[in-house]
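# Chain and residue survey
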Amino acid sequence: EAFCLFAPMTDYSELFRVSAKAVICVQGHGQDRVLLLRTPAGKWDMPGGRLEPGEDIEASLARELVEEMGISIPIGPVIYCSVRRRAPPKQNVVVVAYVCTMDTEPDQIVLSAEHETVRLFSAAEIGELGLVDSYREAIEKAFGHMSTMV
């Protein structure tokens, strides 16, 4: 189980770059799947994004879900934390991924201009998407988590 030490209401956005991401799990039709969004550049991404100044991590994720997909869903527990190392001059990013569940059908999601497609993927499909390691690892943990959900 993931453990990440973040104090509520601390302004981490001033200390380092933090990206709050949702691994949105969808169960049904005999298959566990996760929801991903495709950017205009053709890359698959987990919903979520950067903290704004003064914002706590869970509030940031809730805001991003409304902005990117027009949905409000409960934010579940942290499932994965990592540092995504980037070549200078780009700043390293702390990725905090929360496992969430959604009852909304993907065709009811209203995407922002940041993304052009929403799709559900099975565990077998994830390895073929070229996701960054931190996203792929968070999604793999979420599939393990789904297998324990009733």
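Described below are features of the structure shown in this document. (Residues numbered from 1 in each chain as written. Predicted model: local features only at pLDDT ≥ 70, side-chain atom pairs only at ≥ 80, totals over all residues. Heavy atoms only, no water.)

### A closer look at the overall build of the protein
Each helix and strand counted, the protein has 3 helices and 7 strands in total. The secondary structure elements of the protein, listed N-terminal to C-terminal, are β-β-β-β-α-β-β-β-α-α. Taken across its 150 residues, the protein has 43% of its residues classed as buried. Contacts spanning at least 24 positions in sequence make up 68% of the contacts within the protein whose residues lie at least 6 apart. Summed over its atoms, the accessible surface of the protein is roughly 8,200 Å², and 51% of this surface lies on carbon and sulfur atoms. (Helix = DSSP H or I, 4+ residues; strand = E, 2+ residues; numbered from the N terminus. Buried < 20%, exposed > 50% of the residue type's maximum accessible area, 1.4 Å probe, protein only. Contact = heavy atoms within 4.5 Å. Areas by Shrake-Rupley, 256 points an atom, 1.4 Å probe, with all protein chains shown as cover.)

### Thoughts on the nonpolar core
In terms of nonpolar packing, the biggest core is built from 22 residues, with I24, L35, M69 and M102 touching the most fellow members. For this core, the secondary structure elements donating two or more residues are β1 (17-28), β2 (31-38), α1 (57-69), β6 (93-101) and β7 (117-121). Take this core: its biggest share by element is 5 residues, from β1. Non-local contacts of I24, meaning those with residues more than four positions away in its chain, are made with R33, V34, L35, P47, L65, M69, I73, C100 and M102. By size, the runner-up hydrophobic cluster in this structure holds 21 residues, among which are L36, A97, A138 and F143. (Core = buried A, V, L, I, M, F, W, Y, C linked by side-chain atoms within 4.5 Å.)

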